[in-house]
Amino acid sequence: MLELETPQLSILTTCFHCGENCQDDVITHEGKDFCCHGCHQVYQLLSGNDLGEYYSCDVHPGKAPSVHNFDYLNHPHFHDQLISFSNQGVSKVHFILPAIHCRSCLYLLENLNKIEPAVVKSDLNFGKKELTLWFTESQTNLGELASLLARLGYEPLITSEGEAKNQKNTSQQNPLFVKLGIAGFCAGNAMLFSFPEYLGIESGDLKSLFGYINIALGTIAVFYSGSDYFTNVWAHLKLKKLTIELPILLGILVGYFRSVYEVFSHTGAGYIDSVSGLLFFLLIGKWFQQKSFDFLSFERNYKAYFPLVISKFIKGVEQTYPLQAIEIGDRLIIRNQEIIPADAILIKGKSQMDYSFVTGESEFINLEAGNSMYAGGRHHGELIEIEIKKALNQSHLTQLWEQQAFKDPNHKTENWENFANKVGMYFTFILLSLATLVGIYWVLNDSSKWQNAVVSVLVIACPCALAISYPFALGHGIRWLAKFNFFVKDIQAFERMSQVDTIVFDKTGTLTLHQDVKPKFQLVRDLRTSEINIIYSLVNQSTHPLSRQLAKYLRETYPVQIVDLKSINEKIGKGIECIYDKRAYQIGNAQFTGHALAVKQDFIRSESQLFIRIGEERIGYIEFPWQNREGIEYMIHTLQANYDVYLISGDKKQHAGTLLDWFTNESHYQFECSPLDKMKFIQTLQSQGKHVAMIGDGLNDAGALKQAEVGIAVSEDHLHFTPSSDAIVQGLQLVHLPTFLQFAKFGLILIKASFVLSIVYNLVGLSFAVQGTLSPLIAAILMPVNSLSMLFIASIGMNWKGNRLKSCFS
């Protein structure tokens, strides 16, 4: 057999548009290299509209384009949801564009009117990755605008839960921003009005006036900006729980009321500047703690996996509706590769159903008219008609979401306390006991000192340093991990990562996949252009992993065109075939296409080779080397040195390949698990006192991801669907999981170290405070100094470790 001639590159070439390596045929235009026709077309589009400066703003600024169809956005349901304003034919729409990353993006998107004249104005909020467009609806529509952005490499993020999510974020963030701003205003002005005290000016009237103004500012800062502390402390006291917020609130209140006493009794200027300044930094810590990745969704349920629109068959006419409009008895039209949105019965046509993303089982199921089909399955084959038998929220798939882990939003935290609150329980008791004993001692021995002593103890021992350094250190850790495409939901998830002692892996799509490199062609002759187009159109109809890889390769290598094929027939586990121009085209395994093999294929080869037959001519085969993810074996062995590592899968044991060689203990792997089985497996480990991290990629892993202390979803593209999780990691970065976990452990160690240093600092201050010789004013100055020094240590420490982490990837 002859090998198909394909260009071989002697040196590594990068795409002028997106910067990706050109692994296949390189397209050269005007002396510039492009990895695919998509990038080439975007370059031509920009150059032809006088936007060539896009490439001068940054090096390789582009993103590979997509060709998704957004016509459904023209449906009234989505139109009304997305359009925020419309007047005299000009409408305003907001798109979230996660691919935005550099100043070239800003230049291109704010000059979008040069490409699409119907765009009146475009405005980009770079921080939120939000593009606002004003456009003329008589000249274009939402679908065309979204498709244009996708072709440019900025595919909009459209989700059915987007509106509610944005409202939730806004409602949570806006009050905090207001309180933070007011606290900053009060702190800044309190410092300004404290200048007479700083400079030793003894003008009585001026000093008194400024003192009264400071009390007014402090009252606003304490009782409005600090109102969350009152609410949280009271809520925990009702539950008979002590948290770190109680001693913080005590320190703030003692400082505030001492200031009120001094100002109105004319015995001092108080220290409202220190109290309000401390509140300002505490609120910055709260904001840093809440800040997350707005363009990612960590809380997804089964609905996020389904299409946003469906096609109903009403009185012989096909009509488009939003997913929420599904009702029992509806007749739906399902096309090739579309997902079944609810439990139904097949009415017309035949289906080959893929439930792999729901169950983990890789084998397809043949269905005929009258057979039941379940939500979450992906149909491939001819157009079919189904009748809905159960409501969207009552399908077979949703039983997983009836488990307690999904019903209780606080499931992961109800039996878990973060380090700050654990310390707070003991710290509060010790602090109050010490203040009481000091007060009693001085009342009995020198009653003139007891007030200063008690106030100084409560103020200087306030654990504000821990409350500030905790969110800043772990928040910095989250941002460092995001640089390596490991996105953590919040600082609580980051801390739980540091406490994990057991790791459970899913198999398919997590540890194993097909190698994403140029396939090896072993053909008796070259394929003609028309044959390439037919083969591409045929494999594009299949959801089999090898078919998807071949379709992707052909699309990126050749200027393929879709051919309208009839009589497509896919036989599960064998291959796919069609007839075109009176010739049969078959693609599949050797037995299906009639190829005689001298040596029987082993499992690996049978899962990595596609044979081609055209008419009576057996053309040969295309091989995609099938393997585990690169570096997975080293990762597993590294983790096994420090963690208990398990493997669970919905697939059959014989599909595990070499993976079983790495798990010598049979109790550490389990196959043919349903989603509920996986969830119960995690529960069993937790009942043994283990802290579990689950790593998976599909809906069949959703229950286990939710049940585990830390659920990490693996995705080749973190912007597309992933199950509900605590973190999302790009597939290529999974091999660095041991490094990520060690980084999380360092973050908690740094917090503990800064807290110990703060304790030493407090002990020195308390040695003076308990003697009644430390002025409350000095104590109020030392308190924020301590907090800021711990903040500095936490930030510098995490950045130092982050830079070391960065050097490991360079």
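Residues numbered from 1 in each chain as written. Predicted model: local features only at pLDDT ≥ 70, side-chain atom pairs only at ≥ 80, totals over all residues. Heavy atoms only, no water.

### Some words on the sheet that holds strand S14 (residues 378-380)
Step number 1: Spatially, the 3 strands line up as an open sheet ordered S12-S11-S14, and their pairing is antiparallel. Pairing within the sheet leaves two strands with one partner each, and these edge strands are strand S12 (365-367) and S14. Here the strands of the sheet are splayed against their neighbours by 35 degrees on average, with no regard to which way each runs. (Pairing = 2+ DSSP bridges. Helix = DSSP H or I, 4+ residues; strand = E, 2+ residues; numbered from the N terminus. Axes fitted to C-alpha atoms, helices over the stretch in contact; angles between N-to-C directions.)

### Looking at the packing of aromatic side chains
Step number 1: Counting across every chain of the model gives 14 aromatic pairs.
Step number 2: Their ring planes at 50 degrees and their centres at 5.1 Å tell us that Phe193 and Phe210 sit as a pair that is tilted. One end of the pair, Phe193, is in helix H5 (residues 162-193); the other, Phe210, is in helix H7 (residues 204-225), with 17 residues separating them in the sequence.
Step number 3: Its relative accessible area of 22% is what places Phe193 among the partly exposed residues.
Step number 4: Residue Phe210 is classed as buried on the basis of its relative accessible area, which comes to 16%.
Step number 5: Between the aromatic rings of Phe611 and Tyr621, the centroid separation amounts to 5.2 Å while the plane-to-plane angle is 45 degrees, which identifies the pairing as tilted. One end of the pair, Phe611, is in strand S23 (residues 609-614); the other, Tyr621, is in strand S24 (residues 617-623), and 10 residues separate them in sequence.
Step number 6: Tyr621 gets classed as buried once you look at its relative accessible area, which sits at 16%.
Step number 7: Aromatic ring contacts, followed pair by pair, group Phe223, Phe230, Tyr256 and Phe257 into a single cluster.
Step number 8: Over the face of the ring belonging to Trp134 we find Lys121, whose NZ or CZ atom lies 4.9 Å from the ring centre.
Step number 9: Cation over ring: Lys483 sits above Trp480, and NZ or CZ is 5.2 Å from the ring centre. (Phe/Tyr/Trp six-rings, centres within 6.5 Å; stacked < 30°, edge-to-face > 60°. Buried < 20%, exposed > 50% of the residue type's maximum accessible area, 1.4 Å probe, protein only. Lys NZ or Arg CZ within 6 Å of the ring centre and 35° of its normal.)

### Section: the sheet that holds strand S16 (residues 486-488)
Step number 1: Spatial strand order, S16-S30-S29-S28-S17-S26-S27: 7 strands in an open sheet with mixed pairing. Looking along the sheet, the strands with just one partner apiece sit at the ends: S16 and strand S27 (669-670).
Step number 2: Looking at chain direction, strand S29 (residues 710-715) and strand S30 (residues 727-730) are connected through 4 bridges and run parallel. Bridge pairing in S30 places Ser715 opposite Gln730.
Step number 3: Set on the sheet, helix H16 (residues 491-498) makes contact with S16 and S29; between it and S16 the angle comes to about 110 degrees. (Contact = heavy atoms within 4.5 Å.)

### Let's talk about the pattern of salt bridges
Step number 1: As enumerated under the stated definition, the model contains 14 salt bridges in all.
Step number 2: Among the salt bridges present, the one from Asp330 reaches Lys312, with a minimum N-O distance of 2.9 Å. Taken together, the positions of Asp330 in the loop between strand S8 (317-322) and strand S9 (331-334) and Lys312 in strand S7 (residues 309-314) put the pair 18 residues apart, joining distant regions of the chain. The pair formed by Asp330 and Lys312 is uniform in burial state, with each residue classed as buried.
Step number 3: In this structure, the salt-bridge partner of Lys348 is Glu385, at a minimum N-O distance of 3.9 Å. Of this pair, Lys348 sits in strand S10 (residues 344-348) while Glu385 sits in strand S15 (residues 384-388), and the two are 37 residues apart along the sequence.
Step number 4: A residue is classified by how much of its surface remains accessible, and Glu385, at 5% relative accessible area, is buried.
Step number 5: Each of Arg331, Lys348, Glu385, Glu387 and Lys389 takes part in a single network of salt bridges with overlapping partners. (Salt bridge = Lys/Arg side-chain N within 4 Å of Asp/Glu carboxyl O.)

### Side note on the nonpolar core
The nonpolar side chains of a soluble globular protein tend to be buried, and buried together.
Step number 1: Among the nonpolar cores identified, the biggest contains 103 residues, and Phe486 and Phe505 are the most heavily contacted of them.
Step number 2: Broken down by element, this core gets its largest block of residues, 12 residues, from helix H24 (residues 737-769).
Step number 3: Discounting residues that sit within four places of it in the chain, Phe486 has contacts with Leu481, Met497, Ile712, Ala727, Ile728, Val729, Leu737 and Phe740.
Step number 4: Grouped together as the second largest cluster of nonpolar side chains are 46 residues, Leu46, Tyr55, Ala146 and Val309 included. (Core = buried A, V, L, I, M, F, W, Y, C linked by side-chain atoms within 4.5 Å.)

### Comments concerning the confidence of the model for the protein
Atom-level detail of predicted coordinates should not be read off regions where pLDDT is low.
Step number 1: Residue-level pLDDT values for the protein average 77, and 79% of them are 70 or greater.
Step number 2: Mean pLDDT values over the elements of the protein span from 46, in helix H20 (residues 603-606), up to 94, in strand S17 (residues 502-505).
Step number 3: In the model, residues 1-11 has pLDDT below 50 throughout and makes 24 contacts with residues more than four positions away in sequence or in other chains.
Step number 4: Long-range and interchain partners of residues 162-171, a stretch whose pLDDT sits below 50, account for 7 contacts in this model, where long-range means more than four residues apart. (pLDDT = per-residue confidence, 0-100.)

### Details of the packing of H16 against H24
Step number 1: Here H16 crosses H24 at 105 degrees, and the two axes come no closer than 7 Å. Taken together, H16 and H24 sit at an angle that is classed as roughly perpendicular. Seen from H16, the contacting residues are Phe494, Glu495, Met497 and Ser498; seen from H24, they are Phe740, Leu741, Phe743, Ala744, Lys745, Gly747 and Leu748. (Parallel < 35°, antiparallel > 145°, perpendicular 65-115°, else oblique.)

### Section: the side chain of His595
Step number 1: Mapping His595 onto the fold places it in the loop between helix H19 (590-593) and H20.
Step number 2: Assessed through its relative accessible area of 15%, His595 is described here as buried.
Step number 3: There is a polar contact of 2.7 Å between the side chain of His595 and the side chain of Thr593.
Step number 4: Setting aside chain neighbours within four positions, we find His595 in contact with Ala590, Phe611, Ile612, Arg618, Ile619 and Gly620. (Polar contact = N/O pair within 3.5 Å; in protein donor to acceptor, adjacent residues only side chain to side chain.)

### Quick word on the pairing of strand S5 (residues 119-125)
Step number 1: Bridge count for S5 against strand S6 (residues 130-136) is 6 bridges, and the pairing is antiparallel. Each residue of the ladder has a partner; that of Asn125, found in S6, is Glu130.
Step number 2: Taken together, S5 and the strand that follows it, S6, pair antiparallel across an intervening segment of 4 residues, in which Lys129 is found at a positive phi of about 55 degrees.

### Some remarks on the side chain of Arg496
Step number 1: Its location among the elements puts Arg496 in helix H16.
Step number 2: Owing to a relative accessible area of 5%, Arg496 belongs among the buried residues under this scheme.
Step number 3: Separated by 2.8 Å, the side chain of Arg496 and the backbone oxygen of Glu709 make a polar contact.

### Concerning helix H17 (residues 529-539)
Step number 1: Buried residues dominate H17, accounting for 9 of its 11 residues.
Step number 2: When we look at burial in H17, the residues that qualify are Glu531, Ile532, Asn533, Ile534, Ile535, Tyr536, Ser537, Leu538 and Val539.

### Concerning the environment of Gly19
Step number 1: Position of Gly19 relative to the elements: it lies in the segment before strand S1 (27-29).
Step number 2: We classify Gly19 as partly exposed; its relative accessible area is 24%.
Step number 3: In the structure, Gly19 is positioned 16 residues away from Cys35 in sequence and 8.6 Å away in space, judged by C-alpha atoms.

### What about the environment of Gly31?
Step number 1: Here Gly31 shows up in the loop between S1 and strand S2 (32-34).
Step number 2: Linking Gly31 and Phe16, residues 15 residues apart in sequence, is a C-alpha distance of 9.9 Å.

### Considerations on unusual backbone geometry
Step number 1: Of note, Gln88 is a non-glycine position whose phi angle comes to about 55 degrees, a positive value.
Step number 2: Counting through the fold element by element, Gln88 comes out in the loop between strand S3 (83-87) and strand S4 (90-96).
Step number 3: Residue classification places Gln88 among the exposed positions, given a relative accessible area of 76%.
Step number 4: A positive phi angle, close to 55 degrees, is found at Glu672, a residue other than glycine.
Step number 5: Here Glu672 lies in the loop between S27 and helix H22 (675-687).
Step number 6: The class for Glu672 is exposed, based on a relative accessible area of 55%.

### Considerations on the packing of helix H8 (residues 227-238) against helix H9 (residues 245-265)
Step number 1: H9 packs onto H8 with a crossing angle of 135 degrees between their chain directions and a minimal axis gap of 9 Å. The orientation of H8 with respect to H9, classified from their angle, is oblique. In this structure, H8 meets H9 at a crossing whose hand is left-handed. Along its contact with H8, which presents Tyr229, Phe230, Asn232, Val233 and Leu237, the element H9 presents Glu245, Leu246, Ile248, Leu249 and Leu253.
Step number 2: Of the residues belonging to the contact of H8 with H9, the class tally is 8 nonpolar, 1 polar and 1 charged. (Left-handed = near helix turned anticlockwise from the far one by under 90°. Nonpolar A, V, L, I, M, F, W, Y, C, P; charged D, E, K, R; others polar.)

### Quick look at the pairing of strand S21 (residues 575-580)
Step number 1: Where strand S20 (residues 566-571) and S21 come together, 4 bridges link them in antiparallel fashion. Opposite Lys566, over in S21, you have Ile579 as the bridge partner.
Step number 2: Judged from the 6 bridges that link them, S21 and strand S22 (residues 583-588) form a sheet pairing that is antiparallel. Note that in S22 the partner of Glu577 across the bridge is Gln586.
Step number 3: Linking S21 back to S22 in an antiparallel pair, the connection comprises 2 residues, with Asp581 at a positive phi of about 55 degrees.

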